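# An overview of the molecular structure
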Amino acid sequence: MSARPLRRVSALVGGALLAVVALAGCTPAVSLEAAADATDPGCAEVIVRLPDTVADQPKRETDAQATGAWGSPASVLLRCGVADTGPTTLPCVDVNGIDWVRDDSDAPNYRFTTFGRTPTTEVIVNGDAVSGTTALVDLTNAVQVVPQTSKCTDVSDSFAG
């Protein structure tokens, strides 16, 4: 084979690789709004530990500080630095030692907010696309870096019976 056909093949392969890279770069970032306390150094600790996949969904680029997103379309969203929930009547679930307040008022989109950790992290999960429990388990290593200062209590724990 002469040098000319080899150069042509090399140019075609190189062009194809550039096209793939260019197309991959065209995936738009997920647009999110940064939380009020997104600049808290604890949020940086959370964000650098975010996994590449959550609930088998690939990580996406976001356009706001202290945020994360997974899936296409995005089915798991994370924001660090949101307002603390404080006392609430919403259910609290423990997933891998992290207390999460669950708000299902916008089902099938479920909002989970850490309880007893500052800065506070919020995770919104599209329940039609992924399991909320699986998403929270996958985010454990990132979120647990923020120390827990209080725990959820059950009403039955508050009263002597």
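Read on for a plain summary of the structure. Keep in mind the model is a prediction, meaning the values are calculated, not measured.

## Details of the overall build of the protein
What the protein contains, in helices and strands, is five helices and eight strands. Starting at the N terminus, the α and β elements of the protein follow one another as α-α-β-β-β-β-β-β-β-β-α-α-α. Sorting the 161 residues of the protein into buried and exposed places 34% on the buried side. Within the protein, contacts between residues at least 6 apart in sequence are counted, and of these 55% link residues at least 24 apart. Carbon and sulfur atoms make up 55% of the accessible area of the protein, which totals about 9,500 Å².

## A word on the sheet that holds strand β8 (residues 120-126)
Pairing within the open sheet is antiparallel, and its eight strands lie in the order β1-β2-β3-β4-β8-β7-β6-β5. The two strands at the open ends of the sheet, each matched to only one other strand, are β1 (53-54) and β5 (92-95). Of the strand pairs in this sheet, strand β6 (residues 98-106) and strand β7 (residues 109-114) are connected by five bridges, and their pairing is antiparallel. Counted as the bridge partner of Asp 103 is Arg 111 from β7.

## Side note on the nonpolar core
Side chains of a nonpolar character, in soluble globular proteins, are inclined to be buried together. Counting 24 residues, the largest nonpolar core has Leu 50, Val 54, Trp 70, Val 76, Trp 100, Val 123 and Leu 139 as the members making the most contacts within it. Listed by contribution, the elements that provide at least two residues to this core are α2 (41-47), β4 (76-82), β6, β8, α3 (132-138) and α4 (140-143). Residue contributions to this core peak at three residues, all from β4. In contact with Val 54, not counting residues within four places along its chain, are Trp 70, Val 76, Ala 135, Asp 138 and Leu 139.

## Some remarks on the pairing of β6
Sheet topology note: the β5/β6 ladder contains four bridges and is antiparallel. By the bridge assignment for β6, Asp 94 is matched with Asp 99. The antiparallel hairpin formed by β6 and β7 contains two residues in its connecting segment.

## Topic: the side chain of Arg 117
Considering the arrangement of structural elements, one finds Arg 117 in the loop between β7 and β8. No salt bridge is formed by the buried Arg 117, whose closest oppositely charged neighbour, Asp 99, lies at an N-O distance of 7.1 Å. At 3.4 Å, the side chain of Arg 117 forms a polar contact with the backbone oxygen of Gly 97. Residues in contact with Arg 117, not counting those within four places in the same chain, are Gly 97, Ile 98, Val 143, Gln 144, Val 146, Pro 147 and Gln 148.

## Considerations on the environment of Val 125
With respect to the secondary-structure elements, Val 125 resides in strand β8. Sequence separation of Val 125 and Pro 108 is 17 residues, and the distance between their C-alpha atoms is 8.1 Å. Those residues in contact with Val 125, other than ones at most four positions away along the chain, are Ser 75, Pro 108, Asn 109, Tyr 110, Phe 112, Val 130, Ser 131, Gly 132 and Ala 135.

Calculation notes
- Residues numbered from 1 in each chain as written.
- Predicted model: local features only at pLDDT ≥ 70, side-chain atom pairs only at ≥ 80, totals over all residues.
- Heavy atoms only, no water.
- Helix = DSSP H or I, 4+ residues; strand = E, 2+ residues; numbered from the N terminus.
- Buried < 20%, exposed > 50% of the residue type's maximum accessible area, 1.4 Å probe, protein only.
- Contact = heavy atoms within 4.5 Å.
- Areas by Shrake-Rupley, 256 points an atom, 1.4 Å probe, with all protein chains shown as cover.
- Pairing = 2+ DSSP bridges.
- Core = buried A, V, L, I, M, F, W, Y, C linked by side-chain atoms within 4.5 Å.
- Lys, Arg positive; Asp, Glu negative; His and termini not counted.
- Salt bridge = Lys/Arg side-chain N within 4 Å of Asp/Glu carboxyl O.
- Polar contact = N/O pair within 3.5 Å; in protein donor to acceptor, adjacent residues only side chain to side chain.

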